[in-house]
Amino acid sequence: MIAQFEQERTRLRAIAHRMLGSFAEADDALQDAWLRVERADTSEVDNPAAWLTTVVGRVCLNMLRDRREHAFEMPDPVVDVSEEPEHRAVANDQVGLAMLIVLDSLKPDERLAFVLHDLFAVPFDDIAPLIDKTPATTRQLASRARRRVQDKPRPDVDLPKQREVVRAFLKASREGDLEGLVSVLHPDVVLRAGALEVIGGRNVAGRASLFRKFAARATEQFAVVGNEIGFIARVDGVPFSIMAFTVRDGRIVAIHVIQDQQQLAALVP
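Keep in mind the model is a prediction, meaning the values are calculated, not measured.

Rules used in this analysis
Residues numbered from 1 in each chain as written. Predicted model: local features only at pLDDT ≥ 70, side-chain atom pairs only at ≥ 80, totals over all residues. Heavy atoms only, no water. Helix = DSSP H or I, 4+ residues; strand = E, 2+ residues; numbered from the N terminus. Rg over C-alpha atoms; globule rule 2.2 N^0.38 Å. Contact = heavy atoms within 4.5 Å. Pairing = 2+ DSSP bridges. 1 Å grid on protein atoms, 1.4 Å probe; cavity = no way out; pocket = protein on both sides within 12 Å on 5 of 7 lines; lining within 4 Å. Points joined across faces, edges and corners; volume = space filled by probe spheres on them. Nonpolar A, V, L, I, M, F, W, Y, C, P; charged D, E, K, R; others polar. Phe/Tyr/Trp six-rings, centres within 6.5 Å; stacked < 30°, edge-to-face > 60°. Buried < 20%, exposed > 50% of the residue type's maximum accessible area, 1.4 Å probe, protein only. Core = buried A, V, L, I, M, F, W, Y, C linked by side-chain atoms within 4.5 Å.

Quick look at the overall build of the chain
For the chain, the helix and strand inventory stands at 12 helices and 7 strands. For 269 residues, the compact-globule formula gives about 18 Å, and the C-alpha radius of gyration of the chain, at 20 Å, lands near that figure. Counting only C-alpha atoms, the chain reaches 65 × 35 × 35 Å along its principal axes. Summarising the internal contacts of the chain: among those between residues at least 6 apart in sequence, 63% fall at separations of at least 24.

If you want it as structure tokens, here you go:
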């Protein structure tokens, strides 16, 4: 079963990441699951992949339930700086920061039901025993979580078009062009940077125009952040932030900013 675990590691880590929102915690979960698998009697396991999924799911659920209340922390997205279309396609299968933030707000049972069923096609009959619920109740939990996720704007699938909108945002930011910024921002755009949340096109434009103060020293490297266009900003060659943009119908509806230096060091390739 250990050999099967190693074959499934990439998928299992993806499950743990979506459950926990942190790559470091996902790796801890996999280590815990590996130890459980090593000690378990698997002689009667008919479907190793499904069984391993439930082991990792149970570990993640316990970690979520054991979490103490803490200040908001931006989840870890997958950051891909590749330019090749096939790499973009792979990155586009990832989840964006907006979804990770919504997942982080769900109750542990809701999160498990949604992640395993909606993102990894695990049947409700297999999920229900993990949370001591009936399949019907588990289905309701996933449905409730799904509504929360669907309330958030989803990005356009055309990454090159997303990039052009973000280019316009950058140009207007560098030039201190307030009206230019407003024109690419949705009136109800939300900017989130850690605990800071700014809502509204003109309010966000006012914040974004401050970028001009260090623009002469800053460079940007475009990236796919989760499933959205974004960029890594560096000042004097040192990563300063990651910004991810949710672009919908040619306008920016959400901006998520990561500035924690420890998190940047782990995410920036």
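So, the sheet that holds strand β3 (residues 196–199)
Spatial ordering of the open sheet is given by β1-β4-β5-β6-β7-β2-β3, a layout of 7 strands whose pairing is mixed. Looking at which strands have only one partner, the edges of the open sheet turn out to be β1 (79–80) and β3. The sheet contact formed by β1 and strand β4 (residues 218–225) spans 2 bridges and is antiparallel. Following the sheet pairing, aspartate 80 is matched in β4 by valine 224.

Things to note about the layout of surface pockets
Considering only enclosed or pocket space, the largest pocket measures out at about 530 Å³ in volume. Every residue lining the largest pocket is counted, 23 residues in all, and those nearest its centre are Ser22, Glu73, Met74, Asp76 and Gln263. Among the elements that make up the lining of the largest pocket, the one with the highest residue count is helix α12 (residues 261–267) (4 residues). Residues belonging to the lining of the largest pocket are distributed by class as follows: 10 nonpolar, 7 polar and 6 charged.

Digging into the environment of alanine 121
Its place among the elements puts alanine 121 in the loop between α6 (108–119) and α7 (124–127). Placed 144 residues apart in sequence, alanine 121 and alanine 265 show a C-alpha to C-alpha distance of 33 Å.

Brief notes about the pairing of strand β2 (residues 185–193)
As defined by bridge partners, β2 adjoins strand β7 (residues 251–258) across 5 bridges and the pair is classed as parallel. Bridge pairing links alanine 193 to valine 257 in β7. Here β2 runs beside β3; their pairing, made up of 4 bridges, is antiparallel. Bridge pairing links arginine 192 to glutamate 197 in β3.

Some points on the packing of aromatic side chains
Under the defined criterion, the tally for this structure stands at 3 aromatic pairs. Considering the side-chain rings of phenylalanine 222 and phenylalanine 231, the 6.4 Å spacing of their centres and the 75° angle between planes classify their relative orientation as edge-to-face. The buried category is assigned to phenylalanine 231, whose relative accessible area is 1%. One aromatic cluster is present, formed by Phe169, Phe222, Phe231 and Phe245 through successive ring pairs.

Description of the nonpolar core
Met19, Val56 and Leu112 are the most contacted members of the largest nonpolar core, which has 37 residues in total. When contributions to this core are tallied by element, the ones reaching two or more residues are α1 (2–20), α2 (23–39), α3 (48–66), α5 (97–105), α6, α7 and α8 (135–150). A total of 7 residues in this core trace back to one element, the largest contributor, which is α3. Non-local contacts of valine 56, meaning those with residues more than four positions away in its chain, are made with Leu12, Ile15, Ala16, Leu30 and Ala33. Of all hydrophobic cores here, the second largest spans 27 residues; its members include Ala172, Leu185, Val204 and Ala233.

These figures come from the coordinates and say nothing about function on their own.
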